[in-house]
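Notes for the structure review
Residue-level listing of the chains:
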Amino acid sequence: MSLTCPGRAGAAIIRTHNHRTSSSQLKNSGPQTPKAPQIIPRAAHTVSRKEITSGALKVLYRLHKSGYQAFLVGGCVRDALLDLHPKDFDVATDATPEEVRALFDNCRLIGRRFRLAHIRFGREVIEVATFRAAAIHAADDVEHDHEGRIIRDNVYGKIEEDVWRRDFTCNALYYNIADFSIWDYVNGVRDIERRRLVLIGDADNRLREDPVRMLRAVRFAAKLNFTIDESLAAAIDNDVELLANVPAARLFDEFLKMFETGFAEKTFDKLREYRLFAQLFPATDEELNKDPAFLRFVRAALDNTDRRVAAGKSVTPMFLIGVFLWAPTERLAALRRTEERMSESQSLSLAAYELAAQQQRRISIPRRFTVPMREMLALQPRFMHTRGKRAMNLLAHRRFRAAYDFMLLRSKVGQFDADVAEFWTKVQKQTAEQRVASFEIRASAKGKRRRRRSRRGKPAQTS
Ligand code: ATP
Ligand code: MG
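Model, not experiment: these values are computed from the prediction. (Residues numbered from 1 in each chain as written. Chains lettered and ligands numbered in written order. Predicted model: local features only at pLDDT ≥ 70, side-chain atom pairs only at ≥ 80, totals over all residues.)

1. Some remarks on the overall build of the chain
What counts here: Numbering of helices and strands runs from the N terminus; a helix is a DSSP stretch of H or I covering at least four residues, while a strand is a stretch of E covering at least two. Three classes are used. A residue is buried when 20 or more other C-beta atoms lie within 10 Å of its own, exposed when 12 or fewer do, and partly exposed in between, with C-beta atoms placed from the backbone. Think of it this way: build a C-beta for each residue from its backbone, and any pair within 7 Å is a contact.
For the chain, the helix and strand inventory stands at 21 helices and 13 strands. Taking all 463 residues of the chain together, 40% fall into the buried category. Intrachain contacts of the chain at a sequence separation of at least 6 include 67% that bridge at least 24 residues.

Here's what the structure looks like:
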């Protein structure tokens, strides 16, 4: 990275916007007042327009030509500086959402808490946000709950106000389409070079305002390979319990970002290290502490998910949720079987239902994921049966693929017989005739068995 860094050899090429600013003036601790940015000219940074999608460029240019300020901001600037090829582009401007809408036919205003403009180009959506004032500068217009969490802060401001409401210094860099320079109010470039995750302002206050920042900290540290700054680490340690105040629906979105974007295993390790995982998945955490085999299973699943994402394969949240709830589900299922006579499958389905309901209090998981998740867990005992038509029918079950992948992971960590797992891998590649042989299905036996069963008046037992 050929970034120019304040206070180092390259400082001479950093111009300041209105007047020169020393790096001590920019130190980001305590309440902030607007200051001049360090402006890093195009020649002194690596963000190239080649890295920016045509949709994002169109939005930036049109805003600029219409007399508004237009910047890329947030993760896209950060990732471009780190050579990570950004995919999402967020634009910040001094145009109000209505002014933005007037410029673009393909624009929709969304959000009640924050009014944002979404501009669509085919499958790409560019999010355009009007600069907003930070809580500290607009105390009268910002609503907090009793823990200090911000619940409404829709107050427009200037860029030098907008910067202080952003979370980490690396996320608060603005790329100006007017001259392709980067505006840095918070020493974000320096922190990117040092690979440090630094929360803007007083860490404890900022985590109180929005406890999800703790999860974001861990996620970015994992994805970017950054060290979490000491003051932030200490504040997280203090504030772990505040996550309980965050609406469960918001945590589902965060769950997806943490576990389905390619850095699940590292994020998981850090969540555990900072005691945040127990806040999100209490029942899972309890089992992880008791059972090293379960920990191996979870890590194998996370590693597998990361590999799938890296290979561009699809991932579904129901799989990892099933993985996380597996050991608690097995334990509860065993208990339910001592209380009432039922098959292993039925008990797993029942236990998974109860655990998913408990889990909803922390992270609200849509039904379209909990229902297949239960099916996937309840199918596990059926893999033990490799003879007969019913065993073969498992191949045609709509949840077979997920349940099979789940079973393979169990076998990988010694929880399921490797030869039987191999059998299921093999039969999938076979023709119909070969399968009949593999499952040892005899046409005549089938008829006889059915007659005998019906005479006893008992339906076939499901496992
Ligand atoms: P990624 O897209 O890789 O998850 P990102 O940094 O772009 O990372 P977004 O959630 O897309 O994250 O948010 C865009 C920007 O909005 C962030 O970079 C940050 O400046 C700001 N932001 C997002 N969430 C918060 C938050 N909870 N508190 C403060 N600022 C935030
Ligand atoms: Mg983003």
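2. Concerning the site of ligand 1
Condition: Being near a molecule or strand means, for a residue, that its backbone-placed C-beta atom lies within 6 Å of it. Side-chain classes follow a simple rule in which Ala, Val, Leu, Ile, Met, Phe, Trp, Tyr, Cys and Pro form the nonpolar group, Asp, Glu, Lys and Arg form the charged group, and the remainder, Gly included, forms the polar group.
Near ligand 1 you find Gly 74, Gly 75, Asp 88, Asp 90, Arg 166, Asp 167, Asn 171, Ala 172, Asp 210, Val 212, Arg 213 and Lys 257, and these make up its full shell. Of the residues contributing to the shell around ligand 1, the split by class is 2 nonpolar, 3 polar and 7 charged.

3. Notes on helix H7 (residues 212-224)
Put simply, the test is: Multiplying 1.5 Å by the residue count of a helix minus one yields the expected span of that helix.
The terminal C-alpha atoms of H7 lie 18 Å apart, and with 13 residues this matches the ideal 18 Å at 1.5 Å per residue to within 8%. The buried fraction of H7 amounts to 10 of the 13 residues, a majority that puts the element mostly inside the structure. Taken residue by residue, H7 has Val 212, Arg 213, Met 214, Leu 215, Ala 217, Val 218, Arg 219, Phe 220, Ala 221 and Ala 222 as its buried positions.

4. So, the environment of Asn 225
With respect to the helices and strands, Asn 225 occurs in the loop between H7 and strand S13 (227-228). In this structure the C-alpha to C-alpha distance between Asn 225 and Lys 266, which are 41 residues apart in sequence, comes to 9.3 Å.

5. With respect to the environment of Arg 196
If you trace the backbone, Arg 196 turns up in strand S12 (residues 196-197). Sequence-distant contacts of Arg 196, that is, excluding residues within four places in its chain, are made with Asp 191, Phe 226, Thr 227 and Asp 229.

6. Some details on the nonpolar core
What counts is decided by this rule: By definition, a nonpolar core groups buried Ala, Val, Leu, Ile, Met, Phe, Trp, Tyr and Cys residues that connect through C-beta atoms lying within 7 Å of each other. Boundaries of every domain are those given by an automatic assignment or by a domain database.
With 115 residues, the main nonpolar core has Leu 72, Val 77, Val 91 and Leu 197 as its most contacted residues. When residues in this core are grouped by element, the largest group, 11 residues, is from helix H14 (residues 317-339). Residue assignment places this core across two domains, with domain 1 (9-202) and domain 2 (272-449) each supplying three or more. Non-local contacts of Leu 197, meaning those with residues more than four positions away in its chain, are made with Phe 168, Cys 170, Ala 217, Phe 220, Ala 221, Phe 226, Thr 227, Ile 228, Asp 229 and Leu 232.

7. Observations regarding the pairing of strand S3 (residues 70-73)
The test is simple: By definition, two strands form a pair when at least two bridges between them are found by DSSP.
Burial along S3 is two-sided: the residues Ala 70 and Leu 72 and Phe 71 and Val 73 are all buried. When S3 meets strand S4 (residues 90-93), the two strands line up antiparallel, connected through 4 bridges. Residue pairing for S4: Ala 70 is matched across the bridge by Thr 93.

8. Re the pairing of strand S5 (residues 107-110)
Note that S5 and strand S6 (residues 116-121) share 4 bridges and pair antiparallel. Bridging across to S6, Leu 109 finds its partner in Ala 117. In sequence, S5 turns back onto S6 through a hairpin of 5 residues, with Gly 111 there showing a positive phi of about 85°.

9. Section: the packing of helix H10 (residues 264-273) against helix H13 (residues 292-310)
Short version of the rule: Fitted lines through C-alpha atoms give the axes, limited to the stretch in contact for helices. The angle between two N-to-C directions lies from 0 to 180 degrees. Throughout, the term roughly parallel applies to angles under 35 degrees, roughly antiparallel to angles over 145, roughly perpendicular to angles from 65 to 115, and oblique to all others.
Packing of H10 against H13 leaves a shortest axis separation of 7 Å and a crossing angle of 140°. One element, H10, and the other, H13, form an angle in the oblique class. The segment H10 lies against H13, with Ala 264, Glu 265 and Phe 268 engaging Arg 299, Leu 302, Asp 303, Thr 305 and Asp 306.

10. A closer look at the confidence of the model for the chain
Rule in force here: The predictor attaches a confidence to each residue, called pLDDT, with possible values from 0 through 100.
Of all residues in the chain, 84% attain a pLDDT of 70 or more, and the chain-wide mean is 88. Between residues 1-31, whose pLDDT stays under 50, and residues either more than four places distant or in other chains, the model counts 62 contacts. Low pLDDT, under 50, characterises residues 454-463; the stretch is placed with 12 contacts to residues that sit more than four places away or in other chains.

11. What about the packing of H14 against helix H16 (residues 367-378)?
Note the cut-off: By convention, the crossing between two helices is left-handed when the near helix turns anticlockwise from the far helix through less than a right angle, and right-handed when the turn is clockwise.
It is the contact of H14 with H16, at a shortest axis distance of 9 Å, that shows an interaxial angle of 55°. Comparing the axis directions of H14 and H16 gives the class oblique. For the pair H14 and H16, the crossing hand works out as right-handed. Together, Pro 317, Met 318, Ile 321, Gly 322, Trp 326 and Thr 329 of H14 and Phe 369, Pro 372, Met 373, Met 376 and Leu 377 of H16 make up the contact between the two elements.

12. Focus: the environment of Val 100
By the element assignment, Val 100 lies in helix H3 (residues 97-103). Taking C-alpha positions, Val 100 is 10.0 Å from Ser 66, a pair spaced 34 residues apart along the chain. In contact with Val 100, not counting residues within four places along its chain, are Thr 93, Ala 95, Cys 107, Ala 117 and Val 128.

13. Here we look at helix H1 (residues 54-65)
Definition in use: To obtain the arc, one takes the directions from the helix axis to the C-beta atoms.
With 12 residues, H1 extends 16 Å between its outermost C-alpha atoms, agreeing within 8% with the 16 Å of an ideal straight helix rising 1.5 Å per residue. Listed in full, the buried residues belonging to H1 are Ala 56, Val 59, Leu 60 and Leu 63. Projection of H1 onto a plane perpendicular to its axis shows the buried side chains occupying an angular sector of 95°, all on one side. The outward face of H1, more than 90 degrees from its buried face, is lined by the exposed residues Ser 54, Tyr 61 and Lys 65. Check the buried side of H1 and you find it contacts S3, S4, H3, S6 and strand S7 (124-130). At the exit of H1 stands Gly 67, carrying a positive phi of roughly 95°.

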